[in-house]
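Observations on chain architecture
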Amino acid sequence: MVPIKIPTDLDAVLDAAWEAARRVSGYMVENEARFLGLIAACAPVKGAIVEIGSFKGKSTVMLAKVAEHYGLGPVVAIDPHNSPELLDHDSDPSASSYQDFLNNIQSAGVSSLVEVHHAYSSDVSSTWNRPVRFLWIDGDHTYKGAKADFDGFFPHVVPQGMVAFHDSLNVFSGPIRVFVEDVLRSNQFGAAGFVHSIAWSQFRPEDGALFQEQRTRLERVAARLIPMVKDDRELRGLEKIHFKLTRSRVPHAAIRPSEWASRLNQFT
Ligand SMILES: C[S@@+](CC[C@H](N)C(=O)[O-])C[C@H]1O[C@@H](n2cnc3c(N)ncnc32)[C@H](O)[C@@H]1O
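As the structure is a computational prediction, the values presented were derived from the model and not from experiment.

Attention shifts here to the packing of helix H2 (residues 30–42) against helix H3 (residues 58–70). Closest axis-to-axis distance for the H2/H3 pair is 9 Å, and the angle between their directions is 35 degrees. Like other packed secondary-structure pairs, H2 and H3 cross with a definite hand, here right-handed. Across the interface between the two elements, Ala 33, Leu 36, Gly 37, Ala 40 and Ala 41 of H2 pack against Ser 59, Met 62, Leu 63, Val 66, Ala 67 and Tyr 70 of H3. Class assignment for the residues of the contact of H2 with H3 results in 9 nonpolar, 2 polar and no charged.

Below, the structure written as structure tokens:
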């Protein structure tokens, strides 16, 4: 196994990447963006960084800035840019996030580092044949949507590559269920965890079983959220309190890069 190494200039690189990404409107807080940058910088294998769900480009800019600095090749950004949840199709049926996305990656100076796919993930995955070092899923948050995103690209994630899902600890049925069922319960995966609402793991088909005990510990608390979010509807009153209490039992604090690396490297 290739150990994860934290570059000595990582903090400065993440500071600069966040400085650019924070200017883009979107749904990612600083700790999540920095963690995303950490994964992109440190995944110890070669291949594409694939982002499913770009919206106006906040996470795209974060990833592309890090990729640019470390020479990690293009960020593949996939989005049909027609989100019925995020865009007001009542007042403008043709509303799209595409132009804002293009403007934002240009303003951040990363257009040449982003491979843009104005498309659904399934349209891209159906013909995809390149290795993936980091699969970042932040698209359709229904179970069907997140499962299709994962199934479409996971076969291309290279051993020791990384997968991560956004909004896994918010009220959406997809990310948490796919993460619990397909990742935490699978011996193909190694170290795993949550940082804020990002669920992450390393693909370790050869020795993932070594991490089974810690994955199972996490799976027991995380799986309790699945029935609470299965209908993708807003929770209110006692239901909401119950959800928040259950979520608080899932460890999801920000983690220092060195601590994260030692979790990944523990059996290496
Ligand atoms: C929560 S937003 C993404 C936020 C973005 N990552 C950021 O940092 O601001 C979800 C996006 O997923 C996109 N989306 C929905 N279904 C999709 C699919 N099947 N394939 C790719 N993108 C999809 C939506 O158009 C929307 O822009």
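Once the structure has been displayed, the description carries forward.
By nearness alone, 24 residues border the ligand, and Gly 26, Gly 53, Ser 59, Gly 139 and Asp 140 come closest of all. The class makeup of the residues in the shell around the ligand is 8 nonpolar, 11 polar and 5 charged.

Among the nonpolar cores identified, the biggest contains 77 residues, and Ile 39, Ala 40 and Ile 49 are the most heavily contacted of them. Counting residues per element, this core draws most heavily on H2, at 8 residues. Contact partners of Ala 40, with chain neighbours within four places excluded, come to Ile 49, Leu 63, Val 66, Ala 67, Leu 72 and Phe 134.

Turning to helix H10 (residues 237–248), a few remarks are in order. Taking 1.5 Å per residue, 12 residues should reach 16 Å; H10 reaches 17 Å between its end C-alpha atoms and fits that length. In terms of burial, H10 is a largely surface element, 1 of the 12 residues being buried.

Spatially, S3-S2-S1-S4-S5-S7-S6 is the arrangement adopted by the 7 strands of the open sheet, whose pairing is mixed. Each having just a single partner strand, strand S3 (114–117) and strand S6 (189–195) make up the two edges of the open sheet. Adjacent strand axes in the sheet meet at a mean angle of 15 degrees when their direction is disregarded. In the sheet, strand S5 (residues 157–165) pairs with strand S7 (residues 198–203) via 4 bridges, with the strands oriented antiparallel. Within the sheet, the bridge partner assigned to Val 163 lies in S7 and is Ser 201. Where H2 meets the sheet, its contacts fall on strand S1 (48–52), strand S4 (132–137), S5, S6 and S7, and the angle it forms with S7 comes to roughly 10 degrees. In the packing of helix H6 (residues 143–153) onto the sheet, the strands contacted are S1, S4 and S5, and the crossing angle to S4 comes to about 175 degrees.

To continue, consider the environment of Asn 31. By the secondary structure assignment, Asn 31 is in helix H2. The exposure class of Asn 31 is partly exposed, given the 16 C-beta atoms found within 10 Å. Sequence spacing of Asn 31 and Ala 95 is 64 residues, and the spatial spacing of their C-alpha atoms is 30 Å. In this structure Asn 31 touches Val 195, His 196 and Ala 254, once residues within four positions along its chain are discounted.

Basis of the calculations
- Residues numbered from 1 in each chain as written.
- Predicted model: local features only at pLDDT ≥ 70, side-chain atom pairs only at ≥ 80, totals over all residues.
- Axes fitted to C-alpha atoms, helices over the stretch in contact; angles between N-to-C directions.
- Helix = DSSP H or I, 4+ residues; strand = E, 2+ residues; numbered from the N terminus.
- Left-handed = near helix turned anticlockwise from the far one by under 90°.
- Contact = placed C-beta atoms within 7 Å.
- Nonpolar A, V, L, I, M, F, W, Y, C, P; charged D, E, K, R; others polar.
- Near = placed C-beta within 6 Å.
- Core = buried A, V, L, I, M, F, W, Y, C linked by C-beta atoms within 7 Å.
- Buried ≥ 20, exposed ≤ 12 C-beta atoms within 10 Å, placed from the backbone.
- Expected span 1.5 Å × (residues − 1).
- Pairing = 2+ DSSP bridges.

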